Amino acid sequence: MEVYKQMNDYTEEINRRRTFAIISHPDAGKTTLTEKFLLYGGAINLAGSVKGKATARHAVSDWMEIEKERGISVTSSVLQFEYGGYCINILDTPGHQDFSEDTYRTLMAADSAVMVIDASKGVEAQTRKLFKVCVMRKIPIFTFINKLDRDANDTFDLLDDIEKELGIATCPLNWPIGSGKEFKGVYDRENKCVISYSDTEKGTKEGTATEIMLENQADLRQAIGDNAVDRLLEEMDLLDGAGAEFDLDAVRAGNLTPVCFGSALTNFGVEIFLKHFLKMTTTPLPRRSDIGLIEPGENQFSAFVFKIQANMNRAHRDRIAFMRICSGRFDAQMEVRHVQGGRVMRLSQPQQIMADDRKILSEAYAGDIIGVFDPGIFSIGDTLCMPKEKFQYEGIPTFAPEHFARVRQMDTMKRKQFVKGIEQIAQEGAIQIFQEFNTGLEEIIVGVVGVLQFDVLKYRLENEYNVEIRLENLPYEHIRWIENKDEVDIGRLSGTSDMKKVKDMKGNPLLLFVNSWSIGMTLDRNKGLVLTEFSRN
Ligand code: GDP
């Protein structure tokens, strides 16, 4: 029998872990904020040395060629660093609306989220959906309103915007005094003092922040001017009458977001935010499985795969499966069971992604995110646990694709590569593939959540599998899984003339519709038919 370490040996390690996702609209300042966090943690030397986008984004978070070409972050990355005794795992998320599906999955691996908002823009329409998923999942959200060194929207309007757009209450921990050229600093509500802002040297953590107590009116008026003080007092009066009370339970339940103001670029308010955040966010949370809740402190290792990334290193054509450790301690030497694959094995080349490189790790704990070399066996949602266990973590929902295309292969001689390529890309969760219900693999239909994924598919098949394809767009916009497939005779199902019957790779029947009216008609015509928008793996 294997001997496990006693529980107490690593509860301390687990308790100092904080695992969160960072989300924002493109350009709100997520990369800059992340780099400042790393700078405080000593993980990189000079965050500000990362000047333009070209180096900033590609150094840390971007791997794929296509990302370089387009200058957007297509895939998520994971970073680990230490700060103030905490071991922090940051899950970076793609900054493009088309990649929200990847973000959804990344959120499944996080215990909380930091939401970065541009103070001159507020909640932007294109990423509203993404933020809403956090709210829907009830994960605690911490808001950093960035770019106060530029002219910002009215503070009350910004808070209002979050409350209205996302349906979550806000509680400002600090309050900005002016913005842009008039930005004087922030008022710390808890300590009742003003932290005045002096233009810190960009990219360094030293800056002179002076603290003046609010009650010390004379000094304060001298430091930031009468107008600023009067306005602050007025706004504080208003806020005390209108704003939500701080309530940690409400934050942890995802009903209230603490808000901090600052400027990531000029490094103002970043460390204060980080400190507040680390104090309020949780230690690794338990996860649901088919045998009940699994607590992180349980002494046996378990994890689930939430992301698969191909081609992190093109020369080696490698594929990395990212997993979140949910319980216990991971040791590179140990054997684990891949439940869905039905195999007991050693994980190959387990690694942690650091600020700017990867390191092979020998151990990791619940809350940590690790990447392992994947020879093509893992799928999103898979569980790993100790050899004698066999439970499965709750699956990661597959989101309904909204765009469909038929794939035509240009060179039919390369059928094998084509099928392999498209299946692997589907396994990674970048696309979903379907077949005609009656015919089989000959015709492949691809569904994606964002249209950019079509380009990614074409590009990757060409570059990685040497297969050229042509995509022919299909008019469908809605997909429905048949929940009670065992009770329904799919062949005899009578839908509208523009409805299409397909099946997914597991053979589950699905229906494609051009509009929601057809869905209604089909339900009317087939009493007892139950359709769903999500498929659970
Ligand atoms: P991301 O797309 O959310 O990762 O945003 P980036 O961190 O790449 O920032 C987008 C742009 O905004 C970059 O040019 C940054 O230098 C700039 N930026 C980020 N934070 C601030 C800030 O606090 N103030 C100002 N003025 N610019 C900022």
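Residues numbered from 1 in each chain as written. Predicted model: local features only at pLDDT ≥ 70, side-chain atom pairs only at ≥ 80, totals over all residues.

Before going further, it helps to spend a moment on the overall build of the chain. Within the chain, the regular secondary structure consists of 14 helices and 31 strands. Scored against the burial criterion, the 537 residues of the chain give a buried share of 43%. Counting only contacts in the chain whose residues sit at least 6 apart along the sequence, the fraction spanning at least 24 positions is 70%. (Helix = DSSP H or I, 4+ residues; strand = E, 2+ residues; numbered from the N terminus. Buried ≥ 20, exposed ≤ 12 C-beta atoms within 10 Å, placed from the backbone. Contact = placed C-beta atoms within 7 Å.)

If you look at the biggest cluster of nonpolar residues, it comprises 99 residues, and the most contacted ones within it are A113, V114, V305, F306, M323 and I325. When residues of this core are assigned to their parent elements, the largest contribution, six residues, is made by strand β15 (residues 319–327). Mapped onto the domain boundaries, this core takes at least three residues apiece from domain 1 (21–75 + 113–280) and domain 2 (287–385). Every residue in contact with M323, bar those within four places of it in the chain, is listed here: A303, F304, V305, F306, I370, V372 and L384. (Core = buried A, V, L, I, M, F, W, Y, C linked by C-beta atoms within 7 Å. Domains from an automatic or database assignment.)

A few words on the site of the ligand. Around the ligand, a shell composed of 17 residues is seen, among which G29, K30, T31, T32 and L265 lie nearest. Top contributing element to the shell around the ligand by residue count: helix α2 (residues 30–40), with three residues. Its residues placed into classes, the shell around the ligand shows five nonpolar, seven polar and five charged. (Near = placed C-beta within 6 Å. Nonpolar A, V, L, I, M, F, W, Y, C, P; charged D, E, K, R; others polar.)

Think of a sheet as strands paired side by side through backbone hydrogen bonds, with each pair either parallel or antiparallel. What the four strands build is an open sheet, ordered β7-β8-β9-β10; its pairing is antiparallel. Edge positions in the sheet fall to β7 (174–177) and β10 (210–213), since each has one partner strand and no second. Direction aside, the axes of adjacent strands within the sheet are offset by 25° on average. Pairing between strand β9 (residues 193–196) and β10: four bridges, direction antiparallel. Bridged to S196 within β10 is T210. (Pairing = 2+ DSSP bridges. Axes fitted to C-alpha atoms, helices over the stretch in contact; angles between N-to-C directions.)

Attention now goes to helix α6 (residues 128–137). What α6 keeps buried is the set L130, F131 and C134. Angular distribution of buried residues about the axis of α6 spans 100°; they occupy a single face of the element. Of the residues one or two after α6, K138 is the one with positive phi, at around 60°. (Arc of directions from axis to C-beta.)

When the parts of a complex come together, some accessible area is lost, and that lost area is often used as the size of the interface. Assigned domains within the chain: domain 1 (21–75 + 113–280), domain 2 (287–385) and domain 3 (403–532). Counting residues at the interface gives seven residues for domain 2 and five residues for domain 3. Here the side of domain 2 that touches domain 3 is built from residues that sort into three nonpolar, three polar and one charged.

Turning our eyes to something else, we now look at the packing of helix α12 (residues 415–427) against helix α13 (residues 452–465). Contact pair α12 / α13: the axes reach a minimum separation of 10 Å and the direction vectors enclose 125°. Judged by the inter-axis angle, α12 sits oblique to α13. The handedness of the crossing between α12 and α13 comes out as right-handed. Facing Q417, K420, G421, I422 and I425 of α12, the residues of α13 in contact are L457, R460, L461, E464 and Y465. A per-class count over the contact of α12 with α13 returns five nonpolar, two polar and three charged. (Parallel < 35°, antiparallel > 145°, perpendicular 65-115°, else oblique. Left-handed = near helix turned anticlockwise from the far one by under 90°.)

When two helices pack together, their arrangement is given by the angle between the helix axes and by the axis-to-axis distance. In contact at an axis separation of 7 Å, helix α8 (residues 217–224) and helix α9 (residues 226–242) are set at 120° when each is read in the N-to-C sense. Accordingly, the angle class assigned to the pair α8 and α9 is oblique. Contacts from L220, R221 and I224 in α8 reach D226, A228 and V229 in α9.

Moving on: the sheet that holds strand β3 (residues 86–92). With respect to topology, seven strands assemble into an open sheet ordered β2-β3-β1-β4-β5-β11-β6, the strand pairing being mixed. The outermost strands of the open sheet, each flanked by one partner alone, are β2 (77–83) and β6 (169–172). Between one strand axis and the next, the sheet turns through 30° on average, direction left out of account. In terms of strand pairing, strand β5 (residues 141–146) meets strand β11 (residues 256–261) through three bridges, oriented parallel. Of the residues in β11, the one forming a bridge with T143 is V259.

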